[in-house]
Amino acid sequence: PKLFDRCAIRVAMDKARRDHGDAAPGIEMYVVGDVFAIIPVVDTGMTQEVVASNHLQDWGKSFNEVFDHSYRNLVRLSENPQFESLIDQTTNNAGIHESMWHDGYDASRLLIDEMIDSMNVIGDKLISMPTTSQLVISGSDDVMGRTKMLLNIEQAKEKDQRLPPF
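Residues numbered from 1 in each chain as written. Predicted model: local features only at pLDDT ≥ 70, side-chain atom pairs only at ≥ 80, totals over all residues. Heavy atoms only, no water.

Caption draft 1: Molecular detail of the layout of surface pockets. Its boundaries defined by the atoms lining it, the largest pocket holds a volume of some 280 Å³. Along the walls of the largest pocket sit 16 residues, with Val 41, Val 66, His 69, Ser 70 and Asn 73 positioned nearest its centre. Of all the secondary structure elements, the ones that give two or more residues to the lining of the largest pocket are strand 4 (41-43) and helix 3 (63-77). If one sorts the elements of the lining of the largest pocket by residue count, helix 3 sits on top with 8 residues. Looking at side-chain class alone, the lining of the largest pocket contains 9 nonpolar, 3 polar and 4 charged residues. Its volume calculated, the second largest pocket comes out at about 170 Å³. Lining the second largest pocket, in full, are Ile 9, Ala 12, Met 13, Ala 16, Pro 25, Ile 27, Glu 49, Val 50, Ala 52, Asn 54 and His 55. When residues of the lining of the second largest pocket are traced back to their parent elements, those giving at least two are helix 1 (6-20), strand 5 (48-50) and helix 2 (53-59). Counting residues per element, the lining of the second largest pocket draws most heavily on helix 1, at 4 residues. Split into classes, the residues belonging to the lining of the second largest pocket amount to 8 nonpolar, 2 polar and 1 charged. (1 Å grid on protein atoms, 1.4 Å probe; cavity = no way out; pocket = protein on both sides within 12 Å on 5 of 7 lines; lining within 4 Å. Points joined across faces, edges and corners; volume = space filled by probe spheres on them. Helix = DSSP H or I, 4+ residues; strand = E, 2+ residues; numbered from the N terminus. Nonpolar A, V, L, I, M, F, W, Y, C, P; charged D, E, K, R; others polar.)

What follows is the structure, encoded as structure tokens:
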């Protein structure tokens, strides 16, 4: 599954309906925090295509079946977590963990509870997804980690690659 800006998906669906009427396929999704949409995609290695209702009909599969399959694929691709962890030299604690896959699914990995739970942070876990290719985990009591999270968000804004609500 891939994490998208929910508003961008709605706008694309409205445009397809305007251009193609009833022939425009629908898109089922899980909504996260009102601003994100999690949608299965078909990834050919060169492109990623959103799984639309016409795909489900052609395959004879339900949205939940396809979503579960895509989730298992994401877990399989994430078996060897790839995070760069910055260590606070004064406390010797990991302050921030930044994903290093950069495969367009980094933000989607927030769905993998076991991986998120395994990250040691100072305080409560804070998770940021500045772009679809960034997942950043830090702690609520870690000033360095929170500062780095904000820096990542600002950099994504400058490149106009950010996810909402920023």
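Picking up where we left off.
Caption draft 2: View of the environment of Glu 28. Summarising the element assignment, Glu 28 is placed in the loop between helix 1 and strand 2 (30-32). Taking relative accessible area as the criterion, Glu 28 reaches 42% and is therefore assigned partly exposed. Distance in space between the C-alpha atoms of Glu 28 and His 102 is 25 Å, their sequence separation being 74 residues. Glu 28 has contacts with Ile 39, Leu 56 and Phe 63, leaving out every residue within four places of it along the chain. (Buried < 20%, exposed > 50% of the residue type's maximum accessible area, 1.4 Å probe, protein only. Contact = heavy atoms within 4.5 Å.)

Caption draft 3: Layout of unusual backbone geometry. You will see that Asp 34, though not glycine, has its phi angle at about 65 degrees, which is positive. Relative to the helices and strands, Asp 34 is located in the loop between strand 2 and strand 3 (36-39). Its identity is not glycine, yet His 102 carries a phi of approximately 50 degrees, on the positive side. Looking at the secondary structure, you find His 102 in the loop between strand 7 (93-99) and helix 4 (113-117).

Caption draft 4: Representation of the pattern of salt bridges. Applying the stated rule across the entire model yields 8 salt bridges. A salt bridge links Arg 10 to Asp 14; its shortest N-O distance comes to 4.0 Å. Of this pair, Arg 10 and Asp 14 both sit in helix 1, 4 residues apart, which is roughly one turn of that helix. Here Asp 103 makes a salt bridge to Arg 109, at a shortest N to O gap of 3.0 Å. For Asp 103, a relative accessible area of 29% puts it in the partly exposed group. A relative accessible area of 0% means that Arg 109 is categorised as buried. (Salt bridge = Lys/Arg side-chain N within 4 Å of Asp/Glu carboxyl O.)

Geometric descriptors of this kind do not, in isolation, establish any biological role.
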